[in-house]
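Tertiary structure, described
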Amino acid sequence: MQGTPGGGMRPGPSPVDRRTLLVFSFILAAALGQMNFTGDQVLRVLAKDEKQLSLLGDLEGLKPQKVDFWRGPARLSLPVDMRVPFSELKDIKAYLESHGLAYSIMIKDIQVLLDEEREAMAKSRRLERSTNSFSYSSYHTLEEIYSWIDNFVMEHSDIVSKIQIGNSFENQSILVLKFSTGGSRHPAIWIDTGIHSREWITHATGIWTANKIVSDYGKDRVLTDILNAMDIFIELVTNPDGFAFTHSMNRLWRKNKSIRPGIFCIGVDLNRNWKSGFGGNGSNSNPCSETYHGPSPQSEPEVAAIVNFITAHGNFKALISIHSYSQMLMYPYGRSLEPVSNQRELYDLAKDAVEALYKVHGIEYIFGSLSTTLYVASGITVDWAYDSGIKYAFSFELRDTGQYGFLLPATQIIPTAQETWMALRTIMEHTLNHPY
Amino acid sequence: SASYRVPAPAPVFLPWGPMAAPQALASSPPHTKTNSFFIFRVQLKYSVSVFQINPKEGCKVHVVFSTERYNPEEREGRLGKCSARVFFKNQKPRPTINVTCTRLIEKKKRQQEDYLLYKQMKQLKNPLEIVSIPDNHGHIDPSLRPIWDLAFLGSSYVMWEMTTQVSHYYLAQLTSVRQWKTNDDTIDFDYTVLLHELSTQEIIPCRIHLVWYPGKPLKVKYHCQELQTPEEASGTEEGSAVVPTELSNF
């Protein structure tokens, strides 16, 4: 079931296929009645003073609307991004220039960008249809992942089932895979990936891991023992709205997509929205910030869904939240330098996990508590998990250490997943052997 | 072993302190003493000793590390072992860095590499129709690699200038490139990059203007838009690269 390792080049489409693709795209575009953004630009403006800021605000209030703000005028020195339709470009630029408003062109032609992306995606989708298998060494869209989930559950229905634990802000279903060999309310292990949408390697690793579990059950003694006694839950796309946005508009989007009246910026950092040290250091009360914690703990549906599920279940023994990048394995606390009560045990376990990971491809991770290894961060998943009684709470930061960062090449998906699996397995085995 | 070692007992803990030093090193342009384009990257394997923490003065960090070629396709093994002193004065950016390295590539090879890159850049067809490097799937077309290398170099100046004990930058993506014709055969580039700052997780767009000729110092002008923190004063980071730190033994 695994894709070819290392991804990489495939032979190009034949002339017939290329023409078919073009025709297909035109039909698709027409059928979907998609908007045309040809010639539209996104301008970035930085207001120098309050007067300029209010001038921008005036633009927003114009009827009929002449510009579409992607990032509205909020505060001085916060950039304002606006999409300007081609027909309004001349007027708007003249307006900006006459009022001394400096602007830069962020996107020269939106349609070109959209076309290129659509072309690339259609290409990869077509390839997958023709090879008749899901490629574990590629990045996928939300639709592709959800479709894979349905197929996966169907093919392995003896062990795997799908649970919807809630809905995202934009009303997307939030799905969890349950791996179980039966029994009622077995002690359980939680794994989530994709809480920050731009961390694409995490979703990809989660998918590979899910497949690894079903492949190795009955073959790997350790995994078999784990699954015979415990259940594993994997939430692959913890932030579906953000993830969709990274495909459609902004590859580097981190937060969810929640909107609140009167607030110009969108989204809450889902890893600052938990009820543990909420609002403390290492989170931000500015809605435009990447680490905005939201108005209150668990205010975000994506977080509330998990809290409700885990709390109602009542028997989770380990929680692992997967991020990228930095190559780190960490345990609580993030909110303070205070060590947790079983700090020594977690240190030793992290050490073992990281060594197991290293043995696969020689990749080095550092480890320790979150606050001392990465930074102080409040309202995070693992702190909440620990405070809720889950003794084995870990946070991963996967590859790499900054060379590609969030844009990790797809060729590294499988090696990353392979090494991460060994660390996960180590943690799960320890959890199994240390019931509480 | 897979962890970096800080001599025990750890002093008054600065979660960022020791990490910032290798980061600053990774960004700093250490080849500039010889005006060579040769890029190396700091390996993760290093040992760090923090030997002076005085909140009033700043923080001095001693880092020992090994280096390897930046271009992963050309693995020639470890270039050498280096030792560096990094001094963050009063939490300010642009730490001073003193680096000493052993066993490096000889000067002639470096010059050859520089001229190779120069030729590649000059041969590029203009106007460059580039949207993103790497693309959203992390892929860099081999033909675009020289552009990326140059952008990375320019960005490293900018990042070094902005790095403090608490601010660490990485180059996330190159979003536009424009090459200008010149009368004097220099390489003249305008590009926009997205920098990722680790402690705030912010994505910072920067416009960078870079002029280069092999053997001559790199000239970098930049304009970054930064998210304002409540404590700081006004927002944008702007600057041109001044002659950077002195090096010995490179």
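From a predicted model like this one, the values you see are computed outputs, not experimental measurements.

Criteria and thresholds
- Residues numbered from 1 in each chain as written.
- Chains lettered and ligands numbered in written order.
- Predicted model: local features only at pLDDT ≥ 70, side-chain atom pairs only at ≥ 80, totals over all residues.
- Heavy atoms only, no water.
- Helix = DSSP H or I, 4+ residues; strand = E, 2+ residues; numbered from the N terminus.
- Contact = heavy atoms within 4.5 Å.
- Areas by Shrake-Rupley, 256 points an atom, 1.4 Å probe, with all protein chains shown as cover.
- Phe/Tyr/Trp six-rings, centres within 6.5 Å; stacked < 30°, edge-to-face > 60°.
- Buried < 20%, exposed > 50% of the residue type's maximum accessible area, 1.4 Å probe, protein only.
- Lys NZ or Arg CZ within 6 Å of the ring centre and 35° of its normal.
- Disulfide = S-S within 2.5 Å.
- Core = buried A, V, L, I, M, F, W, Y, C linked by side-chain atoms within 4.5 Å.
- Pairing = 2+ DSSP bridges.
- Axes fitted to C-alpha atoms, helices over the stretch in contact; angles between N-to-C directions.
- Parallel < 35°, antiparallel > 145°, perpendicular 65-115°, else oblique.
- Left-handed = near helix turned anticlockwise from the far one by under 90°.
- Nonpolar A, V, L, I, M, F, W, Y, C, P; charged D, E, K, R; others polar.
- UniProt positions renumbered as here; feature names shortened; annotations may be inferred.
- pLDDT = per-residue confidence, 0-100.

This part covers the overall build of chain A. Tallying secondary structure elements over chain A gives 13 helices and twelve strands in all. Long-range contacts, defined as pairs at least 24 residues apart, comprise 75% of the intrachain contacts of chain A with a sequence gap of at least 6. On chain A, roughly 17,800 Å² of surface is accessible, and the fraction owed to carbon and sulfur atoms is 55%.

Residues and elements named next belong to chain A. Tallying each qualifying case throughout the model produces 24 aromatic pairs over all chains. Pairing Phe-245 with Trp-253 gives two aromatic rings, centres 5.2 Å apart and planes at 80 degrees, and the pair type is edge-to-face. Here Trp-253 falls in the buried class, since its relative accessible area comes to 15%. For the cation-ring pair, Arg-251 lies above Trp-200, with the distance from its terminal atom to the ring centre recorded as 3.7 Å. Above the face of the Tyr-333 ring, Arg-335 is positioned so that its terminal group lies 4.1 Å from the ring centre.

Bringing the side chain of Ser-104 of chain A into the picture now. Along the polypeptide, Ser-104 of chain A turns up in strand S4 (residues 103-107). Not counting the four nearest positions on each side in its chain, Ser-104 of chain A is found in contact with Val-42, Leu-43 and Arg-44 of chain A together with Arg-207 of chain B.

Right, let's talk about the state of the cysteines for a bit. Per the stated rule, a full pass over the model turns up two disulfides over all chains. Covalent S-S linkage joins Cys-265 of chain A and Cys-288 of chain A, the inter-sulfur distance amounting to 2.0 Å. Between Cys-265 of chain A and Cys-288 of chain A, the S-S torsion sits near 85 degrees, and that sign places the bridge as right-handed. Linking Cys-265 of chain A in the loop between helix H8 (240-248) and helix H9 (301-313) with Cys-288 of chain A in the loop between H8 and H9, this pair joins segments that are 23 residues apart in sequence. Grouping residues by exposure puts Cys-265 of chain A and Cys-288 of chain A together as buried. Between the sulfur of Cys-206 of chain B and that of Cys-224 of chain B lies a disulfide, 2.0 Å long from S to S. Disulfide Cys-206 of chain B-Cys-224 of chain B: torsion about the S-S bond near 110 degrees, hence right-handed. Remark: Cys-224 of chain B occurs in strand S8 (residues 219-224) and Cys-206 of chain B occurs in strand S7 (residues 203-212); sequence separation between them is 18 residues. Across the pair, Cys-224 of chain B and Cys-206 of chain B agree in class, each one buried.

Attention shifts here to the nonpolar core. Trp-148, Leu-177, Phe-179, Phe-394 and Phe-396 of chain A together with Leu-195 of chain B are the most contacted members of the largest nonpolar core, which totals 104 residues. In terms of residues, this core owes the most to one element, helix H3 (residues 145-162) of chain B, which gives ten residues. If we ignore the near neighbours within four places in the chain, the residues touching Phe-179 of chain A are Phe-152, Ile-159, Val-160, Ala-210, Ile-213, Val-214, Leu-227, Met-230, Asp-231, Ile-232 and Ile-234 of chain A. The next biggest cluster of nonpolar side chains, apart from the first, holds 39 residues, and it includes Trp-190, Phe-309, Phe-316 and Ile-366 of chain A.

All names here are of chain A. Here eight strands make up an open sheet; going across it, the order is S5-S6-S8-S7-S9-S12-S10-S11 and the pairing mixed. Only two strands of the sheet have a single neighbouring strand rather than two, namely strand S5 (160-167) and strand S11 (366-369). Adjacent strand axes in the sheet meet at a mean angle of 20 degrees when their direction is disregarded. Both strand S10 (residues 328-331) and strand S12 (residues 392-398) contribute to a ladder of three bridges, which runs antiparallel.

Turning our attention to the sheet that holds strand S2 (residues 68-71) of chain A. The strands making up a sheet associate through backbone hydrogen bonding, with each pair oriented either parallel or antiparallel. Residue and element names in this part refer to chain A. Strands sit in the order S2-S3-S1-S4 across an open sheet of four strands; the sheet is antiparallel. On the outer flanks of this sheet lie S2 and S4, each paired with one strand and no other. The average undirected angle you get between the axes of adjacent strands in this sheet is 35 degrees. Packing of helix H3 (residues 89-98) onto the sheet brings it into contact with strand S1 (41-45), strand S3 (80-84) and S4, and relative to S1 it is tilted by some 10 degrees.

Here the focus is the packing of helix H6 (residues 200-216) of chain A against helix H13 (residues 413-433) of chain A. All names here are of chain A. Contact geometry for H6 and H13: axes closest at 9 Å, N-to-C directions at 60 degrees. By the angle class used here, H6 and H13 are oblique. Taken as a pair, H6 and H13 cross one another with a handedness that is right-handed. Across the interface between the two elements, Ile-201, Ala-204, Thr-205, Trp-208, Thr-209, Lys-212, Ile-213 and Asp-216 from H6 touch Ile-413, Ile-414, Thr-416, Ala-417, Gln-418, Thr-420, Trp-421 and Leu-424 from H13. When grouped by side-chain class, the residues that make up the contact of H6 with H13 number nine nonpolar, five polar and two charged.

Looking now at the packing of helix H5 (residues 142-155) of chain A against H6 of chain A. Residues and elements named next belong to chain A. The N-to-C vectors of H5 and H6 enclose an angle of 5 degrees; their axes lie 12 Å apart at closest approach. Relative to H6, the element H5 lies roughly parallel. Every residue of H6 that contacts H5 at Ile-145, Trp-148 and Phe-152 is listed here: His-203, Ile-207, Ala-210, Asn-211 and Val-214. Across the contact of H5 with H6, the residue classes break down as six nonpolar, two polar and no charged.

With that out of the way, let us pick up the UniProt feature "active site" (unreviewed entry) in chain A. Under the present numbering, the feature "active site" (unreviewed entry) in UniProt falls on Glu-397 of chain A. Setting aside residues up to four positions removed in sequence, Glu-397 of chain A forms contacts with His-323, Ser-324, Tyr-325, Ser-326, Gln-327, Met-328, Met-330, Tyr-365 and Leu-374 of chain A.

Scored by pLDDT, chain A has a mean of 88; 88% of the residues are at 70 or more. In the model, residues 1-13 of chain A has pLDDT below 50 throughout and makes 21 contacts with residues more than four positions away in sequence or in other chains.

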